[in-house]
Amino acid sequence: MNIQLVDTELAATLEKFPELDIWTDLVKTREMGAQMRAKMVGDLPQIEGIESEDYWLQQANGPEVWVRVYRPEDQLEPLPALLWIHGGGYCLGSMEADDHVVRQMALEVNSVIISVDYRLAPEHPFPAALNDASTALQWLADNTDKLLVDPARIAIGGISAGAGLAAGLALHARDTTDIQLAFQFLLCPMIDDRCVTASSHMITDKRVWNRDSNLIAWKHYLHRDKTPEQELYKDVSEYAAASRATSLSGLPPAYIAVGSVDAFVDENRDYAQRLQAAGVSTQFEVFEGGFHGFEFIAPGAGISKAARESHYSALRNALFDLE
């Protein structure tokens, strides 16, 4: 990655990052990630005005799914809801690690947010995570009265692999349920297992999500012996990799946002253009100089603040019909 392409403030933050080998000991990497996130959150101001409650959801053909419901403390009437799915390349991350991000989002957007702790690959390859997220979405749709949610204003979203799951879930909900989603909120979505775009080759820096990590993550998530670079996969479900979908019509309006120095920028642009061509209202934003997940990794940078406000504005506009 050419550091000259990275925003100046972000580059200064990036210089402090160590190069990481995340795959040799994935369990240790997950533990280290949780510790790093806890330290980062410990340095941030506490979010006031948002309460949360945990639930364990039953699945017919799987283990219980852990979800956390966030809402404004003073909520008296039904509000819009967002099902939020954390990132981590389908192999890392957790609901707990996103707690601060989600609390801030619930406050900024004045909505109910349901965060789901889905199963991770390689221990649980596709479709385990999709099944968990689908269970959470169906539970949300079936319990709007209990959750004080407006059933006409349910959105799904996430970041990175979480956004990839959300994109796949939007397709799955369209094809297999009667749930009418209001919006899909996709931050730097990981949606194309083929990894053949120019930008997918662009990022090799081990301090950020890079090409090697992406190839290995797809191998684990799709339960393959080789990476997509070694062997182009056949028969990949569009619910696993949304870029594989042949028809995008009938999907909910979308917001897709990504940094210009992100391996996913090309696949995200292509997906946004295909959504628009299919008649799906789509807002596509590229933040010049942003690396993968920059707005939450370096939250104090000017570009990060601008990106988050763009995200929140898009959610508010979609969920409260402000446009």
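This is a predicted model, so every value here is computed, not measured. (Residues numbered from 1 in each chain as written. Predicted model: local features only at pLDDT ≥ 70, side-chain atom pairs only at ≥ 80, totals over all residues. Heavy atoms only, no water.)

**Here we look at the pairing of strand β6 (residues 183-187)**
How we decide: The rule is simple: take the accessible area with a 1.4 Å probe, protein chains only, and divide by the maximum for that residue type; under 20% is buried, over 50% is exposed, in between is partly exposed. Here a strand is any run of E in DSSP of at least two residues, a helix any run of H or I of at least four, and the numbering for each starts at the N terminus. A strand pair is defined by DSSP finding two or more bridges across the two strands. Handedness is read with the strands pointing away from the viewer; a crossover is right-handed when the path from the first strand over the helix to the second is clockwise.
With respect to burial, β6 is a largely interior element, five of its five residues being buried. Covered by surrounding structure in β6 are Phe183, Phe185 and Leu187 together with Gln184 and Leu186, the residues of both alternating faces. Sheet analysis places strand β5 (residues 149-159) next to β6, joined by five bridges and oriented parallel. Bridge pairing in β6 places Ile159 opposite Leu187. Remark: the β5/helix α6 (residues 161-176)/β6 crossover connection has right-handed handedness.

**Some words on the packing of helix α3 (residues 99-109) against helix α11 (residues 302-319)**
Each packed pair of helices is defined by two parameters, the angle between the axes and the distance between the axes. So the rule is basically this: Axis lines are fitted to C-alpha atoms, over the contacting stretch for helices. Their N-to-C directions set the angle, which ranges from 0 to 180 degrees. In what follows, roughly perpendicular refers to angles from 65 to 115 degrees, roughly parallel to angles under 35, roughly antiparallel to angles over 145, and oblique to any angle outside these ranges. It is the rotation of the near helix from the far one that decides the hand of a crossing: anticlockwise by less than a right angle makes it left-handed, clockwise makes it right-handed. Contacts are residue-level and defined by heavy atoms, with any inter-residue pair within 4.5 Å sufficient. Residue polarity follows a fixed list, in which Ala, Val, Leu, Ile, Met, Phe, Trp, Tyr, Cys and Pro are nonpolar, Asp, Glu, Lys and Arg are charged, and the others, Gly among them, are polar.
Taken N-terminus to C-terminus, the directions of α3 and α11 make an angle of 50°; their axes are 9 Å apart at the nearest point. Comparing the axis directions of α3 and α11 gives the class oblique. In this structure, α3 meets α11 at a crossing whose hand is right-handed. Residues Gln104, Met105, Glu108 and Val109 of α3 pack against Tyr312, Leu315, Arg316 and Leu319 of α11. Of the residues assigned to the contact of α3 with α11, the class counts are five nonpolar, one polar and two charged.

**Considering the packing of helix α4 (residues 128-142) against α6**
It is the contact of α4 with α6, at a shortest axis distance of 10 Å, that shows an interaxial angle of 65°. Considering how the two elements wind past one another, α4 and α6 form a crossing that is right-handed. Contacts between α4 and α6 involve Ala129, Leu130, Ala133, Ser134 and Leu137 from the first element and Leu165, Gly168, Leu169, His172 and Ala173 from the second. When its residues are assigned to classes, the contact of α4 with α6 shows seven nonpolar, three polar and no charged.

**Examining the pairing of strand β8 (residues 282-287)**
Note that strand β7 (residues 254-259) and β8 share six bridges and pair parallel. Directly across from Tyr255, in β8, lies its bridge partner Gln283. Traced from β7 through helix α9 (residues 265-277) to β8, the parallel crossover comes out right-handed.

**Quick notes on the sheet that holds strand β2 (residues 62-72)**
With mixed pairing, eight strands are arranged side by side in an open sheet as β1-β2-β4-β3-β5-β6-β7-β8. The sheet is open, and its two borders are formed by β1 (50-59) and β8, each paired with just one other strand. Across the sheet, the axes of successive neighbouring strands diverge by a mean angle of 20°, strand direction being ignored. Sheet contacts for α4: β1, β2, β3 (79-85), β4 (112-117) and β5; angle to β1, the most-contacted strand, approximately 115°. In the packing of α6 onto the sheet, the strands contacted are β3, β5 and β6, and the crossing angle to β5 comes to about 135°.

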